[in-house]
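Single-letter residue listing:
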Amino acid sequence: MACTHDHSCEDHDCSSSWSLYKHIDLSKVTALNEANPGSVKSVFKAWEERLNSTGEHLESNEGDPELLVYIPFTSDVKIKSISIVGGADGTSPSKLRVFINRDGIDFSDAQSMQPVQEWDLVENLHGMLEYQTRYSKFQSVANITLHFPESFGSDTTQIHYIGFKGEATQLKRDVVATIVYEITPNPSDHKTRAETGGGLSHVE
Amino acid sequence: MVLEATMICIDNSEWMRNGDYAPSRFQAQADAVNLICGAKTQSNPENTVGVLTMAGKGVRVLVTPTSDLGKILACMHGLEIGGEMNLAAGIQVAQLALKHRQNKKQQQRIIVFAGSPVMHDKKALEMIGKKLKKNSVALDIVNFGEDDGGKTEKLEALLAAVNNNDTSHIVHVPAGPNALSDVLISTPIFTGDGEGGSGFAASAAAAAAGGVSGFEFGVDPNLDPELALALRVSMEEERARQEAAAKQAAEEASKEEKGGEEQDATMTERASEGASEADNKKIEIADDDDTSLQQALAMSMDEPTSSQDLQDTEMSDAAAEDPELALALQLSVQDSTKDSSSQADVSKLLADQSFVSSILASLPGVDPNDPSVKEVLASMQNQSEPQQKQDEDKAPKKEEEK
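As recorded by an unreviewed UniProt entry, chain B carries the name 26S proteasome regulatory subunit RPN10 and is attributed to Hibiscus sabdariffa.

An unreviewed UniProt entry lists chain A under the name PITH domain-containing protein, from Hibiscus sabdariffa. UniProt's Sequence similarities (unreviewed entry) comment on chain A is quoted here verbatim: "Belongs to the PITHD1 family."

*Asks:* Tell me about the environment of A:K165, and name the residues and values.
*Replies:* All names here are of chain A. Mapped onto the secondary structure, K165 falls in strand β8 (residues 158-168). Along the backbone, K165 and I82 are 83 residues apart, and their C-alpha atoms lie at a distance of 6.3 Å. What K165 contacts, discounting residues up to four positions off in sequence, is S17, W18, L20, K78, I79, K80, S81 and E130.

*Asks:* For the interface of chain A and chain B, give the residues involved together with the corresponding values.
*Replies:* Across the contact, 12 residues belong to chain A and eight residues belong to chain B. Counting the surface lost from both chain A and chain B, the interface buries some 860 Å², and carbon and sulfur atoms represent 48% of this. The interface formed by chain A and chain B includes four salt bridges. Across the salt bridge formed by B:K99 and A:D109, the nearest N and O atoms sit 2.9 Å from each other. At the junction of chain A and chain B, the tally comes to five residue pairs in polar contact (both at pLDDT 80 or more). Sort the elements by how many residues they give to the side of chain A that touches chain B and helix α3 (residues 107-112) of chain A lands first, with three residues.

*Asks:* Just give me the short version of the pairing of strand β4 (residues 107-114) of chain B, but keep the residues and values in it.
*Replies:* Residues and elements named next belong to chain B. Buried residues dominate β4, accounting for seven of its eight residues. Sheet topology places strand β1 (residues 4-10) next to β4; six bridges connect them, and they run parallel. What sits directly across from T6, in β4, is R109. Bridging between β4 and strand β5 (residues 137-143) involves seven bridges; their strand directions are parallel. Across the sheet, residue F113 finds its bridge partner in β5, namely V142. In this region the chain leaves β4, passes through helix α4 (residues 122-134) and returns to the parallel neighbour β5; the handedness of that crossover is right-handed.

The rules behind each value
- Here the residue index of a chain counts from 1 through its sequence in written order.
- Lettering of chains starts at A and numbering of ligands starts at 1, both following the order in which they are written.
- With pLDDT at 70 or above as the cut-off, local features in this predicted model cover only qualifying residues; side-chain atom pairs require 80 or more to be listed or tallied, and sums for whole chains, interfaces and linings still use all residues.
- The side-chain numbers reported here are obtained from all heavy atoms of the structure, hydrogens and water having been left aside.
- UniProt positions are given in the numbering used here, feature names are shortened, and annotations may be inferred rather than shown by experiment.
- Starting at the N terminus, helices and strands are each numbered in turn, a helix being any DSSP run of H or I of at least four residues and a strand any DSSP run of E of at least two.
- In what follows, a contact means two residues having at least one pair of non-hydrogen atoms within 4.5 Å.
- A 1.4 Å probe defines the accessible area here, and the buried area is the portion of it lost by two parts on being joined, summed over both.
- A carboxyl oxygen of Asp or Glu within 4 Å of a side-chain nitrogen of Lys or Arg is what we treat as a salt bridge.
- Under the rule applied, a polar contact is a pair of N or O atoms within 3.5 Å (in protein, one hydrogen donor and one hydrogen acceptor; residues adjacent in sequence only if both atoms are side-chain atoms).
- For every residue, the accessible area obtained with a 1.4 Å probe (protein chains only) is divided by the maximum for its type, and the residue is called buried under 20%, exposed over 50%, and partly exposed between those limits.
- DSSP calls a pair of strands paired once it identifies at least 2 bridges connecting them.
- The definition of a right-handed crossover adopted here requires that, viewed with the strands pointing away, the path from the first strand over the helix to the second runs clockwise.

Have a look at this one:
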């Protein structure tokens with residue numbers, strides 16, 4: 001299931017709908033089997049820059065086209081569709097399998113587990129194709145893992161852009177990270193707005 | 001401070017009974033393992049370490065990755081030596097153990113002690129290496145013990161297949177007086193990748209090495225900065241004084257050589273080519289007499305700072321030309337502990353017949369068989385003993401004259 005844009009993007013305002021990249025926690029994005037460590041972060045950018053291939057892109061190691069990309073979000077998101085721009089000459093990925101809300105997946109897990117959804121991809125050099133998700137399964141995604149098992153015949157797989165369309169909720173799935181435990185209360189830690197605004201506050 | 005889960009693969013095969021590493025290979029290995037566990041858990045409290053054995057009846061995991069140092073040390077007791085090491089299976093089981101670590105945020109690392117011969121072929125090891133690299137597992141290899149033909153090559157191939165951005169390392173430890181753990185302390189296996197030494201590694205280096213400490217002067221600058229500074233300053237002053245004395249000795253020797261003689265024909269032929277260049281340098285040094293002598297005196301009176309560097313570069317240029325000269329110069333900038341002996345060495349070299357004669361032979365316009373030359377040379381030899389004292393006397397005398 002794919003839809004192509006046959007209109008100019010200004011009226012449709014595509015860029016805002018592909019804005020889930022802003023909710024990606026880039027510092028925690030990791031990829032397995034990438035040739036340059038850290039290059040995976042370069043594929044998450046704005047819709048307008050999806051064809052901009054001057055910067056880095058994500059490439060797998062020589063002789064092995066498998067790639068595994070782990071993407072955590074800063075808050076729970078609902079994903080409506082995914083768009084992938086691959087490389088030329090058969091280096092585009094040919095299949096995509098995704099897993100939701102599981103971390104620490106490696107290749108043997110990815111190959112044996114049943115994905116939440118999988119697609120057969122097409123060579124999408126202009127980024128006009130999007131792959132719709134079964135929306136009911138993608139309602140509260142805290143992190144997503146993309147597994148690209150093969151390419152279109154080349155020894156390596158190249159990915160220039162990964163885009164997500166959907167909406168972000170403000171909810172977070174994580175446990176509360178910062179809790180301060182006190183043995184005795186320290187009043188300076190507990191100033192209310194009324195107290196700091198003005199006037200004196202006495203603590204006996 | 002990298003957050004890491006480590007699996008250590010121990011070789012407990014029959015080859016570990018050998019005593020070429022004191023007290024036995026197995027004991028040396030155990031000590032190294034203990035040190036590594038300590039270093040890892042200290043560098044980051046959330047790090048975990050696990051241990052497995054590769055030989056014996058089969059690969060056996062002794063303890064899964066844990067941050068409890070006591071558990072790890074306890075499991076090292078009562079290990080039995082026997083069987084043959086199965087490197088491939090060991091690494092694969094280690095990878096599996098790391099896969100099921102509790103904290104998925106930890107980086108994965110395997111440390112292998114390869115003491116016995118490696119049975120697998122290079123291809124199989126490279127496949128394993130590629131799989132590790134794909135799953136971003138780093139591998140450190142400690143190559144010690146047996147060294148049959150292909151082992152080093154195979155391990156290097158394995159490392160090349162695994163290595164991703166220099167996160168994996170290999171260390172070859174030959175048998176010798178140094179303990180296995182001491183050798184490992186200075187390697188990246190202990191110190192991590194370019195983070196600099198962890199505190200544990202640094203203090204372990206200082207403690208374990210005893211007199212021969214990892215720190216200059218045997219004093220930790222962190223513990224006692226003033227003492228370290230005082231030692232460093234005094235050593236620089238001593239070095240400057242030595243260089244001044246060495247310079248004077250070189251000048252005197254070259255002056256006397258111009259009137260010297262040849263005593264040994266065979267040595268000449270051997271060293272003539274090299275000596276001629278060294279000779280030119282010596283003549284240059286003699287020509288720069290006044291300026292360099294003044295420099296030397298100024299140095300011995302003032303603080304030895306910039307001028308010392310000048311001396312160093314001059315000398316190193318000369319040293320590049322001639323290995324014998326390099327030896328002489330090297331001796332002249334030896335440690336403070338050896339200063340009196342090095343002085344004697346320099347003058348001994350100059351008094352050495354063959355050295356002098358080889359230089360003399362290539363001096364232009366000097367006839368080694370000239371009787372006056374012979375006389376001077378003979379007198380120079382007699383002076384070689386008190387010459388050392390003379391040098392030291394001359395330096396302060398000239399200071400007084402100035």
